[in-house]
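Overview (structure and organization)
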Amino acid sequence: MHKKSMSLELAARSALNLSGRGGLYGTIDADYIDKVGNAFTVLVASLSPYYKDGSAETVQKISSFLEKYYHLGDKELEKEEYFVGVEESAKELRSLLKEIRNY
């Protein structure tokens, strides 16, 4: 489980250009992501700068991504489902970042 959280931490750190763990007062950290319901916050934080300065197309792509992973903010989500989502969102976040950074 922690390995999946770590993959999201690394993607988020890349998005925000953070060199160390625990960015944004400990939010960009696998230990934070390990708690069911916290991954959505990490996704929002990671994409906020791109959303703020993005084109209409970029904003739409980010909105669609966040809609897809909104359930990762549910603290009542089953652990197995949560960590599957964490792993998928980390992969998709990396892909989305490549796409939106080229605009």
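For the structure itself, look to the data block above.
Residues numbered from 1 in each chain as written. Predicted model: local features only at pLDDT ≥ 70, side-chain atom pairs only at ≥ 80, totals over all residues. Heavy atoms only, no water.

**With respect to the packing of aromatic side chains**
Under the definition given, this model contains three aromatic pairs. Here the aromatic rings of phenylalanine 40 and tyrosine 70 are separated by 5.2 Å at their centres, their planes lie at 80°, and the arrangement is edge-to-face. A residue pair is termed long-range when its members are at least 10 positions apart, and phenylalanine 40 in helix α4 (residues 39–52) and tyrosine 70 in the loop between α5 (56–68) and α6 (79–101) qualify at 30 residues. In this structure tyrosine 70 comes out as exposed when scored by relative accessible area, which is 57%. Considering the side-chain rings of tyrosine 82 and phenylalanine 83, the 5.0 Å spacing of their centres and the 80° angle between planes classify their relative orientation as edge-to-face. (Phe/Tyr/Trp six-rings, centres within 6.5 Å; stacked < 30°, edge-to-face > 60°. Helix = DSSP H or I, 4+ residues; strand = E, 2+ residues; numbered from the N terminus. Buried < 20%, exposed > 50% of the residue type's maximum accessible area, 1.4 Å probe, protein only.)

**A look at the nonpolar core**
Soluble globular proteins tend to pack their nonpolar side chains together in the buried interior. Core analysis: the largest hydrophobic core is formed by 28 residues, its most contacted members being Leu8, Leu43, Leu47, Phe65, Leu72, Tyr82 and Leu93. Counting only elements with at least two residues in this core, the list comes to α1 (2–16), α4, α5 and α6. In terms of residue count, α6 provides more of this core than any other element does, eight residues in total. Those residues within four positions of tyrosine 82 in sequence are excluded, and the remaining contacts are Ile33, Asp34, Lys35, Val36, Gly37, Asn38, Ala39, Leu72 and Leu77. (Core = buried A, V, L, I, M, F, W, Y, C linked by side-chain atoms within 4.5 Å. Contact = heavy atoms within 4.5 Å.)

**Comments concerning the packing of α4 against α5**
Where α4 contacts α5, the two axes come as close as 10 Å, and the packing angle between them is 175°. In this view, α4 runs roughly antiparallel relative to α5, as classed from their interaxial angle. Of α5, the residues touching α4 (which contributes Phe40, Leu43, Val44, Leu47, Tyr50 and Tyr51) are Thr58, Val59, Ile62, Ser63, Phe65 and Leu66. Taken together, the residues that form the contact of α4 with α5 break down as ten nonpolar, two polar and no charged. (Axes fitted to C-alpha atoms, helices over the stretch in contact; angles between N-to-C directions. Parallel < 35°, antiparallel > 145°, perpendicular 65-115°, else oblique. Nonpolar A, V, L, I, M, F, W, Y, C, P; charged D, E, K, R; others polar.)

**Thoughts on the pattern of salt bridges**
Applying the stated criterion across every chain, the model contains eight salt bridges. The partner of glutamate 87 in a salt bridge is lysine 4, and the shortest N-O contact between them spans 3.8 Å. Placement of glutamate 87 in helix α6 and of lysine 4 in helix α1 is noted, with a sequence separation of 83 residues between them. Judged by relative accessible area, glutamate 87 falls into the partly exposed class, the value being 30%. With a closest N to O distance of 3.0 Å, lysine 52 and aspartate 53 form a salt bridge. What makes lysine 52 exposed here is its relative accessible area of 66%. (Salt bridge = Lys/Arg side-chain N within 4 Å of Asp/Glu carboxyl O.)

**Some remarks on the side chain of serine 5**
With respect to the helices, strands and loops of the structure, serine 5 is situated in helix α1. Setting aside residues no more than four positions away along its own chain, serine 5 makes contact with Ala30, Ile33, Asp34, Phe83 and Val86.

**A short note on α5**
With 13 residues, α5 extends 18 Å between its outermost C-alpha atoms, agreeing within 8% with the 18 Å of an ideal straight helix rising 1.5 Å per residue. Where α5 is concerned, the buried positions are Thr58, Ile62, Phe65 and Leu66. The arc that holds every buried residue of α5, seen down its axis, measures 95°, which confines them to one face. Seen from the open side of α5, the exposed residues pointing more than 90 degrees away from its buried face are Ala56 and Glu67. The elements touched by buried residues of α5 are α4 and α6. (Expected span 1.5 Å × (residues − 1). Arc of directions from axis to C-beta.)

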